[in-house]
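# Per-entry structural report
Here is how the chains run, residue by residue.
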Amino acid sequence: MPNIEEFIGDIFSEIGEAPDLLLQYLHAIQHEYSHVPEEAIQLLSERLKTPPMKINAVIDFYSFLHRTARGEYDIRFSDNITDRMLGNQLLFKSLCKKLGVEPDVPRADGKVTVSLTSCTGICDQGPAMLVNGLVVSKLTEKRIHKMVGRIEAGIPVANWPKSLFVVKDNIRRKDKLLNDDIIKGSAIGALAATGGEVMLERLENSGLRGRGGAGFGSGLKWRLCRETEADKHYVVCNADEGEPGTFKDRVLLNSYADELFEGMTVAAGIVGAKKGLLYLRREYLYMREALEKTLQERREAKLLGKKILGHKGFNFDIEIHMGAGAYICGEESALIESLEGKRGIPRDRPPFPVTCGYKNKPTALNNVETFVAAAKIAVFGADWYHSVGTSQSSGTKLLSISGDCERPGIYEYPFGVTIRQILVDCGASDTQAVQVSGAAGSTIPPQEFYRKIAFEDVSSGGSFMIFNQQRDLLKMVLNFARFFTHESCGFCTPCRVGGRLLNDLVEKVMVGYATRYDLKEMERIGQVMKKTAHCGLGSTAPNPILDTLAKFPGIYATRLHNTSHTPAFDMTKALDVSRLLTGREDEGAYVERTDEY
Amino acid sequence: MNTENTFRLDGKDIPFKKGDTIMDAALRAGEYIPHLCHNPEFKPHGSCRLCVVDVNGRHQASCTLPAEAGMEVDNSSDAIRQRRELLLQMLFVEGNHTCPACEKSGACQLQAVAYYIGMLSPHLTHFFPKRSIDASHPDIVFYHNRCILCGLCVRASEQVDRKSVFAISGRGIDSKLVFNSPDGKLGGSELEFTDKAVEVCPVGAIMPKHLGYETPVGQRLYDTKPISVVGDVAAHSKPEKPFISDKSHE
């Protein structure tokens, strides 16, 4: 391994020296050394004039940054409910057993660490894992077995068979956005021909709304950004696709990167930005090289850089910034904090990023899909786009479909498509529920399958997870409750504490100790989170619980204790330590055995 | 009254200046909105959420919400009271707050707000987290058990003391206060007893050494009047010079 001081020196000369690049330095160091060594923290502290405490606070916030070495093989199993449905738990246990490791604990020889991680966005070809940042999809016992052999033989991941690391696009249905190709540079050319104001009107007339889920008018957003006076403006693309079950941005980044960068460049021309940033989630690190290559090709083709397409004064370039494993950074103001090298704590709003965003400058921040759509609208016009969709939701939406169906993958539909139609198209049968828009979304029962995907009906950021009648829906609820407990930033009381309380109550239901009273408590805590949380994560975190309590009461009722109250206190658990001390494992040492779940 | 620069708080007209939040204007008008992480001397934080009010049907934190003319603000309905009670209960079960055994009792803002709201018990399941006590500093003890992560010491140390002794680290329920010192212990930090960061703590997390139960029961900050009349802990903090130990800083 290279000398740390030299390594840091190299990163500084490569990407520059500024406190707001802290997260980028930490990412690079983590990737090289499988952790951020104490020596690196001291060196960064000296050069950035930041106390080690603050660097540690950043490291301890992000799931992919560590202060102890994870070893030569850093393995993380994706633990979304869709991975679980495909059997990731058995494979995880099997790998741990074969390697002789405990989850999250580096093996004694320092060679390997195995952990679970939040959804990695490979739900259409799971169960999935990340090995040193590379995706292994479609895991099987056989793949695990061979992997153990390679690890024990010390074969570097770079020399593992390439076939292991294949991630398919799985595009099953194309519509306007994926079908109608544009020639490289044509959207920028269109902007140059019309000028910013006309292009802005075109976007406004198209009715394009933010595809991340919130649905704010993109034209209006860019207009507000353009009209906010400042010495600098920025364009930021949110590629922190962390919503469980969503993987459409993965496909766009893989196969439509040119369109994405074209859209960002059009936005830059409109709002007057010289610099753009792509915030790429750490789970998608494996795509970075190709994305950098696309950016370089565009620079060479004069589509990025100085005097774009020969237009004097049109200067714009794009940098890729890596995330480091934090779902909250998908929230726009947390994403900006993260871009500035800090912990991803959502800011107070107002002011909104559009007037006061990255480095407190007006920032046009949009989802990957929004920029791709904007590039095409720039070329084909507003009518092309809003000729499909509904009156309030024009155009199309990419859905990431996973779970119980024959053909999981990417489906592009005009807005207004019914859930029933989607289920037919992807080959789902005997469906018990669909979780639309991820863990933070809504749980849709069969009697509501007539409903439409649209901002005014069932709104979706792109996730569409299907559960058939054989599934235990409470496992989904528990998976999401754990997810939110893990991903809460911890800033506000209701999300930090309420999330954990909800998680514990769902576990209580799962083991059959809960009563009606506990269900009422879940409802009460959920409502307070919804109403009082600081940001969208906290206010949507109770959704799966509140939705299933209302629409799937059976998954709770069948497990309830038939009393008005049972204590949360678990005597058996409380006696864990004394059993350990006395070495007793006989039946008499237990008050009551609880089933594992 | 000129309605162009007033809003209504529980039916009363409250005047405000440009740039005021609901909390700023209410405090100036002598109206109490329960809060823990807010201190008018610092930039609002908005993390405890206790100051939540209902504005035109939406719950908002009054410490961060800019006042606007004609707003109808509900600060006292039963729904708001119940939400605040649950938020308080969350704070109580998250840490280890044993009021009867705590020296801060009677002068603790968390306890005083709980009395004001009418919280009778923590109600929720206690987490009973295993948290440590840092007694490495010659004049100050830090009780992680009582810290509510309000971030006031972080802000005071950064903005007033210019030392950045504190930061919040970690994520979610594992968030914790950390100290800027070589070994991570408070003793090695630049914190001094007279620092602003020491006096702003609304709970018994940052406590003086060498002084104990100085104020008799009956004369403590909130013994005779409620917090709505008395105001914040920080507004009354006049740290007495502690007994200086042999090991004290130079």
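Predicted, not measured: the structure shown is a model, and the values here were computed from it.

### Brief notes about the overall build of chain B
Assigned secondary structure in chain B consists of 6 helices and 10 strands. Its C-alpha atoms give chain B a radius of gyration of 19 Å, near enough to 18 Å, the size a compact globule of 250 residues would have. Viewed in the frame of its principal axes, chain B has a C-alpha envelope of about 60 × 40 × 40 Å. Within chain B, the proportion of its 250 residues that are buried is 46%. A sequence separation of at least 24 residues applies to 66% of the contacts in chain B between residues at least 6 apart.

### Focus: the overall build of chain A
A tally of regular secondary structure across chain A gives 26 helices and 14 strands. Over its C-alpha atoms chain A spans a radius of gyration of 25 Å, differing by no more than 12% from the 25 Å that the globule rule assigns to 597 residues. The principal-axis extent of the C-alpha atoms belonging to chain A is close to 85 × 60 × 45 Å. Looking at chain A residue by residue over its 597 residues, the buried ones come to 52%. Put simply, of all contacts in chain A between residues at least 6 apart along the chain, 72% involve residues at least 24 apart.

### Re the pairing of strand E8 (residues 166-169) of chain B
Residue and element names in this part refer to chain B. Across the two faces of E8 the burial is the same, with Phe-166 and Ile-168 and Ala-167 and Ser-169 all buried. Pairing of E8 with strand E9 (residues 176-179) involves 4 bridges; the strand directions are antiparallel. For Ala-167, the partnering residue across the bridge sits in E9 and is Val-178. Counted along the chain from E8 to the antiparallel partner E9, the turn is 6 residues long, and its residue Gly-170 has a positive phi close to 75°.

### Things to note about the sheet that holds strand E4 (residues 134-136) of chain A
All names here are of chain A. Taken together, the 4 strands give an open sheet; going across it, the order is E2-E1-E3-E4, and neighbouring strands pair in mixed fashion. Each end of this open sheet is capped by a strand with a single partner; those strands are strand E2 (112-117) and E4. Along the sheet, successive strands turn relative to each other by an average axial angle of 25°, direction set aside. As paired strands, strand E1 (residues 73-78) and strand E3 (residues 129-131) are joined by 3 bridges and run antiparallel to one another. Its bridge partner lying in E3, Phe-77 is registered against Met-129. Strands in contact with helix H6 (residues 88-99) are E1 and E2; relative to E2, the strand with the most contacts, it is inclined by about 165°.

### Focus on helix H4 (residues 52-59) of chain A
Within H4(A), 7 of the 8 residues are buried, which leaves the element mostly enclosed by the surrounding structure. Every buried residue belonging to H4(A) is among A:Met53, A:Lys54, A:Ile55, A:Asn56, A:Ala57, A:Val58 and A:Ile59, and all of these are buried. Looking at the buried residues of H4(A), the elements they touch are helix H2 (22-33) and helix H3 (38-48) of chain A together with E8 and E9 of chain B.

### Side note on the environment of A:Asp10
Here A:Asp10 lies in helix H1 (residues 4-15). When the C-alpha atoms of A:Asp10 and A:Asp317 are compared, they prove to be 22 Å apart, with 307 residues separating the residues in sequence.

### A look at the domain arrangement of chain B
For interface size, the figure often reported is the accessible area lost on association. Residue and element names in this part refer to chain B. We note that the domain assignment places domain 1 (21-77) and domain 2 (81-236) within chain B. Look at where the C-alpha atoms of domain 1 and domain 2 centre, and you get two points 22 Å apart. Across the contact, 14 residues belong to domain 1 and 23 residues belong to domain 2. Across the side of domain 1 that touches domain 2, the residue classes tally to 8 nonpolar, 4 polar and 2 charged.

### Topic: the nonpolar core
Judged by nonpolar contacts, the single largest core of 240 residues is most densely connected at A:Leu260, A:Val266, A:Ala267, A:Ala374 and A:Ala378. Among residues more than four places away in sequence, those in contact with A:Ala267 are A:Trp222, A:Val235, A:Ala364, A:Phe371 and A:Ala374.

Parameters and conventions
Within any chain, residue numbers begin from 1 and follow the written order of that chain's sequence. Here every chain gets a letter starting at A, and every ligand a number starting at 1, in the order they are written. Only residues with pLDDT of 70 or above have their local features reported here, since the model is predicted, and side-chain atom pairs are shown and tallied only from 80 upward, although totals for entire chains, interfaces and linings are computed over all residues. Strands here are runs of E lasting at least two residues and helices are runs of H or I lasting at least four, both read from the DSSP assignment and numbered beginning at the N terminus. Note on method: radius of gyration uses C-alpha positions; expected globular size equals 2.2 Å times residues raised to 0.38. Each residue is classed by its C-beta neighbour count within 10 Å, where at least 20 other C-beta atoms makes it buried, 12 or fewer makes it exposed, and intermediate counts make it partly exposed; the C-beta atoms are placed from backbone geometry. We call two residues in contact when their backbone-placed C-beta atoms lie within 7 Å. DSSP-based pairing: two strands are paired if at least 2 bridges between them are found. The angle between two axes is taken between their N-to-C directions and runs from 0 to 180 degrees, where each axis is a line fitted to C-alpha atoms and a helix contributes only its stretch in contact. Delimitation of the domains relies on an automatic or database domain assignment. As a working rule, the residues Ala, Val, Leu, Ile, Met, Phe, Trp, Tyr, Cys and Pro are called nonpolar, Asp, Glu, Lys and Arg charged, and the rest polar, with Gly in that last group. Only buried residues count toward a nonpolar core: Ala, Val, Leu, Ile, Met, Phe, Trp, Tyr and Cys, linked into one set through C-beta atoms within 7 Å.

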